[in-house]
Every structure is written in C-alpha cells, then in structure tokens.
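Listed here are the chains, written in short residue letters.
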Protein chains: 2
Amino acid sequence: MMKTFDEITQHISTEIDQLNWNKEPRELYEPIDYVLSMGGKRIRPALTLMASNLYQDDVQSAINTALGIEVFHNFTLLHDDIMDRADVRRGRPTVHKKWNDNTAILSGDVMQIAAYQLIAKTPAHCLKQVLDLFSQTAAEICEGQQYDVVFENCDIVKADEYLEMIRLKTAVLLGCALKCGALIGGAGEEDAQNLYDFGINIGLAFQLKDDLLDVYGDEATFGKKIGGDILCNKKTYLLIHALKLAIGDTKEELKKWLNISKDEFSEEKVSSVTNIYNQLGVRTICEDKMLEFYTKAVANLDKVRVSDTKKQELRNLAVKLMSRND
Amino acid sequence: MMKTFDEITQHISTEIDQLNWNKEPRELYEPIDYVLSMGGKRIRPALTLMASNLYQDDVQSAINTALGIEVFHNFTLLHDDIMDRADVRRGRPTVHKKWNDNTAILSGDVMQIAAYQLIAKTPAHCLKQVLDLFSQTAAEICEGQQYDVVFENCDIVKADEYLEMIRLKTAVLLGCALKCGALIGGAGEEDAQNLYDFGINIGLAFQLKDDLLDVYGDEATFGKKIGGDILCNKKTYLLIHALKLAIGDTKEELKKWLNISKDEFSEEKVSSVTNIYNQLGVRTICEDKMLEFYTKAVANLDKVRVSDTKKQELRNLAVKLMSRND
C-alpha cells in the first residue's frame, strides 16, 4: 500500500521534531531548532520518501537522507536571508534579525555540517552515489544563489539565463531529493534519472508558479503581500518578458516605475506594473512556460518503470503544486 | 623510505595548485582560488599524509582527504574573518574586504561543500568512518569559534574553559587530520586513536605557542605586529592568568589598560601589559602548560605501534612547531 503525501509529511514532521539540537553552545544550536520548527511544506524530504516508496514498502531506510536534504534546504534559507537582508520568514523574524549576522553565519555553517551528518546515514549500498549527488546539488544551489545576486545588478537578464538560475537555485534539489529516494529504494539508473528529470521540470514549473502567485495570487491564501517582487524590481520571468516586449509609451512607463524607490507609491506601482503585464500578455507567456515544464515532468514520470498505481501519488503532488495558491 | 615534512608539503602545494576553481559563476569560485593561493603552512594536510605514510609507502591514496581538510581549514578562516571583521590575512586583504560580505558568505559555503567533495574521495574501505570523523570535527570547530565569540564578551573566562575552546577551535582538526591518514593507511583503532590524541595535544601546545609569540615573538620573523592580542584585549592563556593572579595596584593597572580603546596608546599598552605579565610570571605558566601538552603528545606518539624510524619525521615536526618563531 502506497503512502499518501499527507501521511509522509506527517511522518517527516514527527522525525524533524525528534532531531536533537539541545547541545552546547546554545547560541549555535538554538537558531537551528528555531528555523526547523518554523514549519514549511516539507516537499523535498517528502519527494525522497515517495520516490523510495516506489520501490519499497518501508520508507524508513530513506528517512535520514530525506532529513539531510530538508536541513540543507533550511540552511540555504538561513544564509540567503542574511544576504537578502530579509527581516521576516514564514511570519517570524529571521535568524540574523532575532540574533545577529555572526550567529546566523555560524549556525548556518553548522547546519550544513548537520545536513551532511544525516546524509552520511544513507544506506551503504548507495552512500557514495548519494553523497556525490548531494554535494554536486549543494554546489549548484550556491551557484544559483550567486546568479540571483548578480542578476539583481544587471540591466538585462535573458529568459534563458533566468531559467538556468532557477534550475540551479530551486529545481536541482527537487531532482536530487527524488533521485536519492529512488537509489535508496533500489531503482535502476534509468528510473533514477527519469525521477531526477521529473524533479527538475516540476521545480522549474514550481518557481514560475511562484512568480505568478506574487502578482496574481490571493493575498488571503498566499501568506505574504501581493506584489513583493514588483516592489523590489525582481527580475522574474514576468518582468524579463515585459522588458523585452514593451515599446514606446509602455516601455517608458515601465522604466519609470522601475526607477521609483521601494517605499514610494507602493500600491500604485503594483497595480500599474500589473496592468502593463496584462497589456503585454506576459501572464500567459509565463503560464504557458509553466505548463510546458509540467508536461515534460509528467512525461518523465510516465517513463519510470513502476505501475501507474504506485506513481499516482507523485502525479497528484505535481498537480497540487501547479494549482496551489500559497 | 619515509617522506620528509618538506617533501610532503611540496607535494601538497603542487596538488593544491592543480585543484580546478575555473568554474562559473566567477564571483563564487575566484575567492576560493584567492584564499588557497595565499599559502599557509599546510600543516593539516601534511599530518594526514605523514600519518598514512606510517603504514604505506605511497601516500597518494590519502591526498584527496588531506586536501579536503586543508580546504575546510581555509573555509573556516574565510568565515571567521567576516565575523571578526579582520581586514588582512597573510598580508593580503580578506575576501569580505576585497569583494564583500555576501560573496564571502557564499564562497565560504561552496568551499565547505568542495571540502566534502574531496573527503568523499577517501578510499571506500574507510569512507564512512572518515566522513563521520570529519563532520564531527567540523561541527566542533564551529562550536569552538562560537565559544571564542562568546568569551569576547565575558568578563571572566576560566583557564579550563579557554583550553576547551582552543581544543575545539584548533586541536581537533590536527587530531582528525592524523587519524584520517592513519585509517587510510590501514592502521588499527588503537594506533589511530593514539595519533588522534597526539594531534590534540600538539594542537593545544601549538595554540599556547601562538599566545606566547603574540607577546614575546620577534616582529621580523613573526609576520605580524607584536601585541595584537593585547591591543584587542583577547583573553589568551596569558591574560586569563594575569587577571587571576593580579592584586592591588597591579590589578588596577591591568584593568586600566583593558579599558583603553583599541587605537589609543598602542605602544604603551603593549609594553605595560607585557611588564605586568612578566611581574606575574604568566609567561612561565603558559610555557609550562605548553610543555605539558607537548610531553603528552610525545607519549601518545610513543604508543603508536610502528618503528621509531618511521615516527621520527612526526617527532621532528612536533619539535619544529614548538620552537617556531612564526
């Protein structure tokens, strides 16, 4: 009997609560506990367990690897928040705000080590392969974050460059999570690779959905203010295409809004830029691209050589991630 | 034929030069190249190769592990320099000065991953054991750094607390380097543990030597200004004991100097505090403690079950580290 996504995330929450951060010095370990207890969707560790569940009934042999991936993901959020000077994450103060920059740097460092300690508990038959994939993925995520920072200060970012950035920053960890689970479960190389590709394409679609939600989401369910990306001129897939397509007066108006500083005319800026997006049809361009990746993802999953019944839960999750409102 | 320390460090330098950091994005990988090309004594990777050389003629099977340890060591320097707001390292601007804080954080993160990628190339027969020891050591080093930061803001630090801090921050990586080399070479558990303990005790003696050199070193050979620790009120083994032993007027004078801000009366502060150290005899206390650890280290090495001839080079290195002037 296959486990549902909800059963799996429930199990992951219990396991995360049982990780022991009650160590000295407290200043080092308390922030880790704080970050991990904030919650989150736990999608990455769920993907690891679900992929392993395609090949084995008992997913417990994959739990430490799954937890390592989740701890690593939360480490990247911790360090990214320092770099982005973000004050709030999931409705609570970020670590560098609640403590300070030095604590956030050092707790992050030890969190990355803790992730590796969990990864090291991967079953011996695939430890080396999982370890190498994890390290490669971890480095790629840093590369993605660096491109993200670099793009902030670029006048023009091409759509392909943006897609490569989000592949590195977001998609590879989903691919890695799935492939690790598959390898632990005993999948062959071809299945493991198809699940990796499924993760990449779902990840790309997931990030484009994020770009869309920031502009077209429902504030009540989205959990953060609509238009955050617009206010800080974030070069999302929408803005990149708007800058490419706009001409004449529309181009001038868009540029005018981009030159207005962050705290001025917020409401007007969000509504005006959204209007420009609508005029230029970039919402559709983004939705089409998202669907293209989603379709590729489904094709990757189709190629995995296990029964459709077993794959149904991953298929459901893909649908859920595309239709989410938060 | 045993390799000498100089042959081994020469070999390590060549191997470090061959590591490929010519990857994109450049902003991420350039600082790693910069940090590793600054040089350094390469003591930690040398210990790995020398320990492996006790059990095998060809040390090449230990090279990646040795390099991983050196890359990790340099990563800690990179992140420590951000936290300490240090502008100069080995006579050159630190990464966060030459680039910026964000680059230093993110390059450090990817450097830690690169260290793990090298550690993952440890021969399969002891990969898991080396990986676990490395992670435990890495976490301990972060703990040591955190205690170091905490102690900066404590009025009183006990001598034992200080020794525990330097054990974590400095000594465990020497122990780890030696034990990894021993395990790769095929040493038994007892030898591996004795070499680990040799590293711990040499590491503690090494750090006490550092405290002494900062006050009693020869500026020309020490490579940095004498009295740096005194000027920033660093709670070294010398100051901790001086604060404990001073009474009456001497105590008042010492406290007066500790209250003087960093940039005032520099020369007077260094000479006056040094005078107080001399009056109180804390130099001897520190030298005695250093010799105590050195003696323990030699006893640990004596217990290692290989011929004295083979151990001679490690013995020479221990002497060299104790009598060094830089």
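All of these numbers come straight from a predicted model, not from anything done at the bench.

### Section: the overall build of chain A
Stage number 1. Counting its regular elements, chain A contains 16 helices and two strands.
Stage number 2. Against the compact-globule benchmark of 20 Å for 326 residues, chain A has a radius of gyration of 20 Å, which places it among compact chains.
Stage number 3. Expressed as a percentage of its 326 residues, the buried residues of chain A come to 46%.
Stage number 4. A sequence separation of at least 24 residues applies to 74% of the contacts in chain A between residues at least 6 apart.

### Thoughts on the relation of the copies chain B and chain A
For the pair of chain copies, the relating operation is a rotation around an axis with a shift along it.
Stage number 1. For the pair chain B and chain A, the relating rotation is 180°, the translation along its axis is 0.0 Å, and the fit reaches an RMSD of 0.0 Å. On this basis, the relationship between the two copies can be described by a two-fold rotation axis.
Stage number 2. Here 100% of the interface residues in chain B have copies in chain A that are interface residues too; the copies meet face to matching face.

### Quick word on the environment of Ile82 of chain A
Stage number 1. Position of Ile82 of chain A relative to the elements: it lies in helix 4 (residues 63-83).
Stage number 2. Judged by local crowding, Ile82 of chain A falls into the buried class, with 22 C-beta atoms found within 10 Å.
Stage number 3. As for Ile82 of chain A and Val95 of chain A, which are separated by 13 residues in sequence, their C-alpha atoms are 8.3 Å apart.
Stage number 4. Those residues within four positions of Ile82 of chain A in sequence are excluded, and the remaining contacts are His96, Asp101, Ala104 and Ile105 of chain A together with Ile105 of chain B.

### Section: the confidence of the model for chain A
Stage number 1. For chain A, per-residue confidence averages 95 on the pLDDT scale, and 99% of positions sit at 70 or higher.
Stage number 2. Two summary scores accompany this predicted model of the complex, namely pTM at 0.96 and ipTM at 0.96.

### Notes on the packing of helix 13 (residues 248-258) of chain B against helix 14 (residues 266-280) of chain B
Packed helix pairs are characterised by how far apart their axes lie and by the angle those axes make with each other.
Residues and elements named next belong to chain B.
Stage number 1. With their axes 10 Å apart at the nearest point, helix 13 and helix 14 run at an angle of 150° to one another. It follows from the interaxial angle that helix 13 and helix 14 lie roughly antiparallel. Handedness of the helix 13/helix 14 crossing: left-handed. Taken together, the residues of helix 14 that come into contact with helix 13 (itself represented by Thr250, Glu253, Leu254 and Trp257) are Lys269, Ser272, Val273, Ile276 and Gln279.

### A word on unusual backbone geometry
Stage number 1. The omega torsion across Glu24 of chain A and Pro25 of chain A is -10°, close enough to zero to call that bond cis.
Stage number 2. At Arg90 of chain B, a position not held by glycine, the phi torsion is positive, near 50°.
Stage number 3. Classification of Arg90 of chain B by C-beta neighbours within 10 Å gives exposed; the count is 12.
Stage number 4. Phi angles above zero are rare outside glycine, and Asn233 of chain B is one such case at about 55°.
Stage number 5. Looking at the secondary structure, you find Asn233 of chain B in the loop between helix 11 (228-231) and helix 12 (237-245).
Stage number 6. Judged by the 16 C-beta atoms lying within 10 Å of it, Asn233 of chain B falls in the partly exposed class.

### Overview of helix 14 (residues 266-280) of chain A
Every α-helix carries 3.6 residues per turn, so stepping three or four residues along brings you back to the same face.
All names here are of chain A.
Stage number 1. In a regular helix each residue adds 1.5 Å, so 15 residues correspond to 21 Å; helix 14 covers 21 Å between its end C-alpha atoms and thus fits that length.
Stage number 2. All buried positions along helix 14 are accounted for by Val270, Val273, Ile276, Tyr277 and Leu280. End-on, the buried residues of helix 14 take up no more than an arc of 130°, which puts them together on one face. Pointing more than 90 degrees away from the buried face of helix 14 are the exposed residues Glu267, Glu268, Ser271 and Asn275.
Stage number 3. Looking at the residues trailing helix 14, positive phi occurs at Gly281, about 70°.

### Details of the domain arrangement of chain A
Residues and elements named next belong to chain A.
Stage number 1. The domain boundaries assigned to chain A delineate domain 1 (7-187) and domain 2 (203-326).
Stage number 2. Relative placement of domain 1 and domain 2: their C-alpha centres are 23 Å apart.
Stage number 3. Tallying the contact residues gives 13 residues for domain 1 and 13 residues for domain 2.
Stage number 4. No other element matches helix 8 (residues 159-185), which puts nine residues into the side of domain 1 that touches domain 2.

### Details of the environment of Asn316 of chain A
Stage number 1. Mapping Asn316 of chain A onto the fold places it in helix 16 (residues 308-323).
Stage number 2. Sequence-wise, Asn316 of chain A and Leu19 of chain A are 297 residues apart; in three dimensions their C-alpha atoms are separated by 29 Å.

### What about the interface of chain B and chain A?
Stage number 1. With 30 residues of chain B in contact, the opposing surface of chain A contributes 30 residues.
Stage number 2. Breaking the side of chain B that touches chain A down by element, the ones donating at least two residues are helix 2 (26-36), helix 4 (63-83), helix 6 (101-119) and helix 7 (127-152) of chain B.
Stage number 3. Here the side of chain B that touches chain A takes 14 residues from helix 7 of chain B, the largest share from any one element.
Stage number 4. Along the lines of polarity and charge, the residues of the side of chain B that touches chain A split into 18 nonpolar, seven polar and five charged.

### As for helix 2 (residues 26-36) of chain A
Stage number 1. For helix 2 of chain A, every residue scored as buried is listed here: Leu28, Tyr29, Pro31, Ile32, Val35 and Leu36 of chain A. Relative to the axis of helix 2 of chain A, the buried residues are bounded by an arc of 155° and lie together on one face.
Stage number 2. Residues of helix 2 of chain A that are buried sit in contact with helix 1 (5-18), helix 4, helix 5 (95-98) and helix 6 (101-119) of chain A together with helix 7 of chain B.

### Looking at the environment of Pro25 of chain A
Stage number 1. If you trace the backbone, Pro25 of chain A turns up in the loop between helix 1 and helix 2.
Stage number 2. We classify Pro25 of chain A as partly exposed; it has 18 C-beta atoms within 10 Å.
Stage number 3. The contact partners of Pro25 of chain A, leaving out residues within four places of it in the chain, are Glu143, Gln146, Tyr147 and Val150 of chain B.

Basis of the calculations
Residues numbered from 1 in each chain as written. Chains lettered and ligands numbered in written order. Predicted model: local features only at pLDDT ≥ 70, side-chain atom pairs only at ≥ 80, totals over all residues. Helix = DSSP H or I, 4+ residues; strand = E, 2+ residues; numbered from the N terminus. Rg over C-alpha atoms; globule rule 2.2 N^0.38 Å. Buried ≥ 20, exposed ≤ 12 C-beta atoms within 10 Å, placed from the backbone. Contact = placed C-beta atoms within 7 Å. Least-squares fit on C-alpha atoms with pLDDT ≥ 70 in both. pLDDT = per-residue confidence, 0-100. Axes fitted to C-alpha atoms, helices over the stretch in contact; angles between N-to-C directions. Parallel < 35°, antiparallel > 145°, perpendicular 65-115°, else oblique. Left-handed = near helix turned anticlockwise from the far one by under 90°. Expected span 1.5 Å × (residues − 1). Arc of directions from axis to C-beta. Domains from an automatic or database assignment. Nonpolar A, V, L, I, M, F, W, Y, C, P; charged D, E, K, R; others polar.

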